[in-house]
Amino acid sequence: METLLELAVGYALVCTLLAMAFCALRLLIGPSAHDRVLALDTLWMAGMLLALVLGIRFGTQVYFEVAILIALLGFVSTVAMAKFLMRGEIIE
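Nothing here was measured: the structure is a model prediction, and the numbers come from that model.

Observations regarding the UniProt feature "transmembrane region" (unreviewed entry) in the chain
Alright, step 1. Under the present numbering, the feature "transmembrane region" (unreviewed entry) in UniProt falls on residues 6-25, 37-56 and 62-86.
Alright, step 2. Secondary structure across residues 37-56 comprises 100% helix and 0% strand; the distance between its end C-alpha atoms is 29 Å.

Structure below.
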């Protein structure tokens, strides 16, 4: 019999994958660049959550370190894309 934690992790995994699928769909068919940036921002957050859920599921530290890297790179890339959309250039 599965424990409550295993059921919760399985449910979180399915929900995270579903969120990633919806974000990928918005990224592909988004009508404007702003919609695509928001979809990409949400997609990297869902990827970070996926790494965290897999870290809980398998009980290894590697997934948590990957989640930290995804969070740092995702934040920097979102700021760069927002600055590019506002000014048309990234480096001043």
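Remarks on helix H2 (residues 33-58)
An α-helix turns once per 3.6 residues; consequently, residues spaced three or four apart project the same way.
Alright, step 1. The terminal C-alpha atoms of H2, which comprises 26 residues, lie 37 Å apart, in line with the 38 Å expected from a rise of 1.5 Å per residue.
Alright, step 2. Residues Val37, Ala39, Asp41, Leu43, Trp44, Ala46, Gly47, Met48, Leu50, Ala51, Val53 and Gly55 constitute the buried set of H2.
Alright, step 3. The inward-facing, buried residues of H2 contact helix H1 (4-29) and helix H3 (62-87).
Alright, step 4. In the stretch just after H2, Gly59 is the one whose phi turns positive, near 70°.

Things to note about the environment of Phe64
Alright, step 1. Mapped onto the elements of the fold, Phe64 is located in helix H3.
Alright, step 2. The class for Phe64 is partly exposed, based on a relative accessible area of 27%.
Alright, step 3. With sequence-adjacent residues up to four places away left out, Phe64 is seen in contact with Leu52, Gly55 and Ile56.

Re H3
Alright, step 1. With 26 residues, H3 should cover 38 Å at 1.5 Å per step; its first-to-last C-alpha distance of 38 Å lies within 8% of that length.
Alright, step 2. Listing the buried residues of H3 in full gives Ala67, Gly74 and Thr78.
Alright, step 3. Buried-residue contacts for H3 involve H2.
Alright, step 4. The positive-phi residue at the C-terminal boundary of H3 is Gly88, with phi of around 85°.

A few points about the packing of H2 against H3
Alright, step 1. At their nearest, the axes of H2 and H3 sit 9 Å apart, and the two run at 175° to each other. Taken together, H2 and H3 sit at an angle that is classed as roughly antiparallel.

What to know about the side chain of Thr78
Alright, step 1. Within the fold, Thr78 resides in helix H3.
Alright, step 2. Those residues in contact with Thr78 that lie beyond four places of it in its chain are Asp41 and Trp44.

A word on a nonpolar patch on the surface
Alright, step 1. Where nonpolar side chains cluster on the molecular surface, the patch consists of Leu18, Phe22, Leu25, Leu28 and Ile29 and spans about 550 Å² of accessible area.
Alright, step 2. Structurally, the position occupied by Leu28 is in helix H1.
Alright, step 3. Leu28 sits in the exposed class, given a relative accessible area of 67%.

Conventions we followed
Residues numbered from 1 in each chain as written. Predicted model: local features only at pLDDT ≥ 70, side-chain atom pairs only at ≥ 80, totals over all residues. Heavy atoms only, no water. UniProt positions renumbered as here; feature names shortened; annotations may be inferred. Helix = DSSP H or I, 4+ residues; strand = E, 2+ residues; numbered from the N terminus. Expected span 1.5 Å × (residues − 1). Buried < 20%, exposed > 50% of the residue type's maximum accessible area, 1.4 Å probe, protein only. Contact = heavy atoms within 4.5 Å. Axes fitted to C-alpha atoms, helices over the stretch in contact; angles between N-to-C directions. Parallel < 35°, antiparallel > 145°, perpendicular 65-115°, else oblique. Patch = residues over 30% accessible without salt bridge, like charges linked within 9 Å, V, L, I, M, F, W, Y side chains within 5 Å. Areas by Shrake-Rupley, 256 points an atom, 1.4 Å probe, with all protein chains shown as cover. Salt bridge = Lys/Arg side-chain N within 4 Å of Asp/Glu carboxyl O.

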